[in-house]
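# Close look at the chain arrangement
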Amino acid sequence: MWMEINFESETPIYTQLVQAVMKGIAAGELKAGDALPSVRSLAGDLGVNMLTVNKAYQQLKQEGFITIHRKKGAIIESAEARAASEGQLQRMAEKMYPIMLESICRGLTLEDFQRLSATVYHQISIEKE
């Protein structure tokens, strides 16, 4: 299965699930129109509570990565539907803020930060191939 959970991680399980789906989309493993496993099925496969999977799916829906249909289940949205709005860009900037603070406190220059960002971006892009 393309989704792995680290039960020893400090990152909550539902956040790991959200990130796994986003990674699947970024890597091209999940394409628009693809169905995700049902909440019950995924919870059983991973050995987690259904409420945890449901929370992840609800967050993915709220952020525009999936739609949830009663009969079809959770479906990956199109690239157009996933495009970042102004509000989503603002939310992304807010998430980056503490990372940027830590970078500055650790003595990274803007160029260092950009290089690090580019490295991570390219790692994700390589996984896509």
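See the structure shown above.
Residues numbered from 1 in each chain as written. Predicted model: local features only at pLDDT ≥ 70, side-chain atom pairs only at ≥ 80, totals over all residues. Heavy atoms only, no water.

### Considerations on the overall build of the protein
Let me state the cut-off plainly: Helix and strand assignments come from DSSP, with helices taken as H or I runs of at least 4 residues and strands as E runs of at least 2, each series counted from the N terminus. Accessible area is worked out with a 1.4 Å probe on protein chains only. A residue is then buried under 20% of its type maximum, exposed over 50%, and partly exposed in between. Residue burial considers only the protein chains on display, and all accessible areas are found by Shrake-Rupley using a 1.4 Å probe. Counting rule for charge: Lys and Arg are taken as positive, Asp and Glu as negative, and neither His nor the chain ends is counted. Working definition for charges: the position is that of NZ of Lys, CZ of Arg, CG of Asp or CD of Glu.
Looking only at helices and strands, the protein has 6 helices and 2 strands in total. Along its sequence from the N terminus, the protein presents helices and strands in the succession α-α-α-β-β-α-α-α. Over its C-alpha atoms, taken along the principal directions, the protein stretches across nearly 50 × 35 × 30 Å. Here the protein, with 129 residues, has 24% of them falling under the buried criterion. Carbon and sulfur atoms make up 55% of the accessible area of the protein, which amounts to about 9,100 Å² in all. Averaging the locations of the 14 positively and 16 negatively charged side chains of the protein gives two centres separated by 9 Å.

### Description of helix H2 (residues 39-46)
The cut-off we apply is this: Think of the arc as the fan of directions from the helix axis to the C-beta atoms. Contacts are residue-level and defined by heavy atoms, with any inter-residue pair within 4.5 Å sufficient.
Among all positions of H2, only Leu42, Ala43 and Leu46 are buried. Each buried residue of H2 sits inside an arc of 100° when the element is viewed along its axis, so together they form one side. Residues of H2 that are exposed and point more than 90 degrees away from the buried face comprise Arg40, Gly44 and Asp45. Packing partners of the buried residues in H2 comprise helix H1 (13-26) and helix H3 (50-62). Phi for glycine 47, located one or two positions after H2, is positive at around 75°.

### Considering the packing of H1 against H3
Applied cut-off: The convention used is that axes are lines fitted to C-alpha atoms, helices contributing only their stretch in contact, and that angles between N-to-C directions extend from 0 to 180 degrees. Roughly parallel means an angle under 35 degrees; roughly antiparallel means over 145; roughly perpendicular covers 65 to 115; every other angle is labelled oblique. Here a crossing is called left-handed whenever its near helix is offset anticlockwise from the far helix by less than a right angle, and right-handed whenever the offset is clockwise. When residue character is reported, Ala, Val, Leu, Ile, Met, Phe, Trp, Tyr, Cys and Pro are called nonpolar, Asp, Glu, Lys and Arg charged, and the others, Gly included, polar.
Axis separation between H1 and H3 bottoms out at 8 Å; the angle between their running directions is 50°. Between H1 and H3, the interaxial angle falls into the category oblique. Here H1 and H3 pass one another in a crossing that is right-handed. Between H1 and H3, the contacting residues are Ile13, Tyr14, Leu17, Val18, Val21 and Met22 on the first element and Thr52, Val53, Lys55, Ala56, Gln59 and Leu60 on the second. Residues that form the contact of H1 with H3 fall into these classes: 9 nonpolar, 2 polar and 1 charged.

### Let's talk about the pairing of strand S1 (residues 66-69)
What counts here: We treat two strands as partners when DSSP finds at least two bridges between them.
As paired elements, S1 and strand S2 (residues 73-76) share 4 bridges and run antiparallel to each other. Across the sheet, residue histidine 69 finds its bridge partner in S2, namely glycine 73. Connecting S1 to the next strand, S2, in antiparallel fashion are 3 residues.

### So, the side chain of glutamate 63
Within the secondary structure, glutamate 63 is located in the loop between H3 and S1. A relative accessible area of 11% means that glutamate 63 is categorised as buried. Setting aside anything within four residues of it in sequence, one finds glutamate 63 in contact with Gln88, Arg91 and Lys95.

### Remarks on the packing of aromatic side chains
Put simply, the rule reads: Centres within 6.5 Å are what make two rings of Phe, Tyr or Trp a pair, Trp counting through its six-membered ring; a difference in plane orientation under 30 degrees is then read as stacked, over 60 as edge-to-face, and the rest as tilted. For a lysine, the NZ atom is tested; for an arginine, the CZ atom; a charge sits over a ring if that atom is within 6 Å of the ring centre and within 35 degrees of the ring normal.
A full pass over the atoms with the stated rule returns 0 aromatic pairs. Above the plane of the ring of tyrosine 14 lies lysine 55, whose end atom (NZ or CZ) is 4.1 Å from the centre.

### Details of the pattern of salt bridges
Here is the rule we go by: A side-chain nitrogen of Lys or Arg and a carboxyl oxygen of Asp or Glu constitute a salt bridge if their distance falls within 4 Å.
Here the structure, examined in full by the defined rule, presents 3 salt bridges. As a salt-bridge pair, glutamate 102 and arginine 106 come within 2.8 Å of each other at their nearest N and O atoms. By relative accessible area, glutamate 102 is classed as partly exposed at 44%. Of the charged contacts in the structure, one is a salt bridge between arginine 115 and aspartate 112, with a shortest N-O distance of 2.7 Å. Highlighted residues: arginine 115 and aspartate 112, both in helix H6 (residues 110-128), separated by 3 residues, approximately one helical turn. With a relative accessible area of 52%, arginine 115 lands in the exposed category. On the basis of relative accessible area, aspartate 112 is assigned to the partly exposed category, the value being 27%.

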